[in-house]
Protein chains: 2
Amino acid sequence: MKLCVDAILFGFDKNDNDLKILLIERKYEPYIYCWALAGGFVKEDETLENSVLRELKEETGLVETPYLEQLYTFGDIDRDPRGRIISVSYYGLIKITDLNPSTDALDAKWFSVKNLPKNLAFDHKILIEKALERLRSKIIYQPIGFELLDEYFTFTTLHNLYETILDKSLDRRNFRKKITNFNILDEIDIITDDVIIGRPPKFFKFNIMRYQEKTKKGFYFEL
Amino acid sequence: MKLCVDAILFGFDKNDNDLKILLIERKYEPYIYCWALAGGFVKEDETLENSVLRELKEETGLVETPYLEQLYTFGDIDRDPRGRIISVSYYGLIKITDLNPSTDALDAKWFSVKNLPKNLAFDHKILIEKALERLRSKIIYQPIGFELLDEYFTFTTLHNLYETILDKSLDRRNFRKKITNFNILDEIDIITDDVIIGRPPKFFKFNIMRYQEKTKKGFYFEL
DNA sequence: TCAAAAGTGTTGGGGGTACACCCATGT
DNA sequence: ACATGGGTGTACCCCCAACACTTTTGA
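Residues numbered from 1 in each chain as written. Chains lettered and ligands numbered in written order. Predicted model: local features only at pLDDT ≥ 70, side-chain atom pairs only at ≥ 80, totals over all residues. Heavy atoms only, no water.

1. A word on the pattern of salt bridges
Residues and elements named next belong to chain A. Selection rule: By convention in these notes, a salt bridge is any Lys or Arg side-chain nitrogen within 4 Å of a carboxyl oxygen on Asp or Glu. For each residue, the accessible area found with a 1.4 Å probe, counting protein chains only, is set against the maximum for its type, and the residue is called buried under 20%, exposed over 50%, and partly exposed in between.
Per the counting criterion, the structure on display carries 32 salt bridges over all chains. Between E55 and R54 there is a salt bridge, and its shortest N-O distance comes to 3.4 Å. The residues E55 and R54 share a single accessibility class, namely buried.

Written as structure tokens, this is what we have:
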């Protein structure tokens, strides 16, 4: 019996409003040339979380430490043809610009969750679905969406992020009102490289400290 | 590296409005004579869930299959003095009358969550806290509370259950109104052995079929 | 008739939803 | 001046919270 970890890493492309996950093309059997999640066997002297972080960095070239949360442990008997392998899965959120696999010349690639490859290795399709489900339910009551955005972002980007992940439209004014009332964003004056068409947007930054303070006092984020 | 499963089994005593969990007194080192969760090593040819069920039945004499849900996987390096042991934890809900350890002459015992023994084995205190947290958040948006009650129950019992688990008082009339409006309970005419003081209560039964039908049509249980 | 628990309705306020027009900028 | 996206306010309705008295039974 062996223990491995697998990571479902999410990124959000604000340009085409696309939620993506990172997959790696396998170079060995089993499932050679299929696409798999980053992951691998847990070492004797590392925690599960450290194991995921190590694998992510080794296999994807990631430098930053992503937001990471344990998802579920998959233990079906036949999930891996090599024998009994239990997988502790984690999902992670990063700013998609933190990782550009094509430049790093690794066999990793971002895939839109709406257009995943057919040849997914192992039971990774199931892990991905479970991660998506968790992400969808969690962004409603915890402000983890910001983990997917640049430090500075516009309301439109945030709005698009939520609409994309929840896969439904949200009234722009009410969304803005609700988030504004939470009082966890700071307006920031910056100049941006982005091409602006129309009225220039204001930029905001998530104030984690303030959020935590409010949370201590009984504040609940809830979309 | 070894893999084990641990079960946090909940029961609700409607007579003294007490949420309890089942613990087993250890007969061997390590943590001899300390109280531990039911659990043990996973066999090569059984799923994680089957492993939990087997251990529960072996160690507690439980016959019925409880509501069971994976909780979290604990993998800290030093959590077990015998070496690297990863634990996949599950929490379960049963009707407390389904299991009477004192009669079965096992070393298992129900403990009030408000009065747990000081000498808990391993990191089981943490597992219990995590299970409690999960239970508290889950009964709000899924009708799992019924798993802890007899098939037929009164509104007062249900109300007490929620107040006990959430550890706060809920307006009796509003609670009743809300649950009644969900239309997932059927009123049942039964005679009860319970000692009745005051006006006799009506009894109800959770209609799982109806709940599932409604859920399919977009109904959300939410307390 | 008293004690004990079960059962029931109304009102007010806050928050959510629905909805349309003006603003700032670049071309 | 026009195209493009950004920014804003109001009205209504529903749901939730707060709240107290009546009913049924056994002793």
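What follows picks up the thread again.
2. Concerning the sheet that holds strand 10 (residues 203–206) of chain B
Residues and elements named next belong to chain B. Selection criterion: One requirement defines pairing of two strands: DSSP has to find at least two bridges between them. A run of H or I in DSSP counts as a helix once it spans at least four residues, and a run of E counts as a strand once it spans at least two, with each numbered from the N terminus.
Across the sheet, three strands lie side by side as 8-10-9; this open sheet has antiparallel pairing. The strands lining the two open edges of the sheet, one partner per strand, are strand 8 (152–153) and strand 9 (185–188). Relative to strand 10, strand 8 runs antiparallel, the two sharing two bridges. Looking across to strand 10, one finds that Y152 is bridged to K205.

3. Considering the protein's contact with DNA strand D
This is how the line gets drawn: One heavy atom within 4 Å of a molecule or strand makes the whole residue count as near it. Any N or O atom pair separated by 3.5 Å or less is treated as a polar contact, with the protein-specific requirement of one donor-capable and one acceptor-capable atom, and with residues adjacent in sequence counted only for side-chain atom pairs. For this classification, the nonpolar set comprises Ala, Val, Leu, Ile, Met, Phe, Trp, Tyr, Cys and Pro, the charged set comprises Asp, Glu, Lys and Arg, and every other residue, Gly included, is treated as polar.
By nearness alone, 19 residues border DNA strand D, and K177, G198, R199 and K202 of chain A together with R199 of chain B come closest of all. Put simply, 41% of the atoms of DNA strand D that lie within 4 Å of the protein are in sugar or phosphate. With respect to DNA strand D, the side chain of K177 of chain A contributes an N or O atom lying 2.8 Å from a base oxygen. Contact distances for DNA strand D include 3.4 Å between a sugar or linking oxygen and a backbone N or O atom of R199 of chain A. For the surface near DNA strand D, the secondary-structure elements that each account for two or more residues are helix 5 (172–182) of chain A together with helix 5 (172–182) of chain B. Here the residues of the surface near DNA strand D sort into four nonpolar, four polar and 11 charged.

4. Considerations on the domain arrangement of chain A
Residues and elements named next belong to chain A. Stated precisely, the cut-off is as follows: Each domain's limits were defined by an automated method or a database of domain assignments. What makes two residues a contact is simply this: any of their non-hydrogen atoms within 4.5 Å. Here's the idea: put two parts together, see how much 1.4 Å probe accessible area each one loses, and the total over both is what we call buried area.
Annotation of chain A at the domain level lists domain 1 (2–138) and domain 2 (144–216). Relative placement of domain 1 and domain 2: their C-alpha centres are 27 Å apart. With 16 residues of domain 1 at the contact, the number on the domain 2 side is 13 residues. Roughly 1500 Å² is buried in total at the junction of domain 1 and domain 2, and carbon and sulfur atoms are behind 63% of that figure. If you sort the residues of domain 1 by the area they bury against domain 2, F12, K14 and K95 come out on top, with a joint share of 39%. Linking domain 1 to domain 2 there are two salt bridges. With a shortest N-O distance of 3.2 Å, D150 and K14 are connected by a salt bridge. Viewed at the interface, domain 2 and domain 1 are joined by five residue pairs in polar contact (both at pLDDT 80 or more).

5. Here's the deal with the protein's contact with DNA strand C
The local shell around DNA strand C holds 19 residues, among which R173 and N174 of chain A together with T156, R172 and K202 of chain B are the closest. Close to the protein, within 4 Å, the atoms of DNA strand C are drawn from sugar and phosphate at a rate of 44%. Between DNA strand C and R199 of chain A, the relevant distance is 3.3 Å, taken from a base oxygen to a side-chain nitrogen or oxygen of the residue. Mapped onto the surface near DNA strand C, the elements with two or more residues apiece are helix 5 of chain A together with helix 5 of chain B. Class assignment for the residues of the surface near DNA strand C results in four nonpolar, four polar and 11 charged.

6. Brief notes about the sheet that holds strand 9 (residues 185–188) of chain A
All names here are of chain A. Pairing is antiparallel in the open sheet, where three strands are placed in the order 8-10-9. In the strand order of this sheet, the two ends are held by strand 8 (152–153) and strand 9, each with one partner. The pairing of strand 9 with strand 10 (residues 203–206) spans four bridges and is classified as antiparallel. Along strand 10, the bridge assignment pairs E187 with F204.

7. A closer look at the relation of the copies chain B and chain A
This is how it is decided: Each copy is superposed on the other by least squares, with the fit set by C-alpha atoms of residues at a pLDDT of at least 70 in both.
Overlaying chain B on chain A yields an RMSD of 0.0 Å, the required transformation being a rotation through 180° with an accompanying axial translation of 0.0 Å. What the rotation and shift describe, once combined, is the action of a two-fold rotation axis. Take the interface residues of chain B: 100% of them recur as interface residues in chain A, which is what a same-surface contact looks like.

8. Comments concerning the packing of aromatic side chains
Cut-off, in case you're wondering: Only centres within 6.5 Å qualify two rings of Phe, Tyr or Trp (six-membered ring in Trp) as a pair; their planes then separate them into stacked at under 30 degrees, edge-to-face at over 60, and tilted for everything else. Whether a charge sits over a ring comes down to the Lys NZ or Arg CZ being within 6 Å of the ring centre and within 35 degrees of the ring normal.
Under the criterion given, the structure shown has 25 aromatic pairs over all chains. With 5.5 Å between their ring centres and 35° between their planes, F146 of chain B and F153 of chain B make a pair best called tilted. With respect to burial, F146 of chain B and F153 of chain B carry one shared label: buried. Ring geometry for Y211 of chain B against F219 of chain B: centres 6.3 Å apart, planes inclined by 85°, an arrangement best described as edge-to-face. The pair Y211 of chain B / F219 of chain B is uniform in exposure class, with both members buried. An aromatic cluster of three or more residues is present, and its members are F146, F153, F182, F206, Y211, F219 and F221 of chain A. The ring centre of F41 of chain A lies 4.3 Å from the NZ or CZ of K2 of chain A, which sits over that ring. In this structure, K130 of chain A packs its charged tip against the face of Y72 of chain A, placed 3.8 Å from the ring centre.

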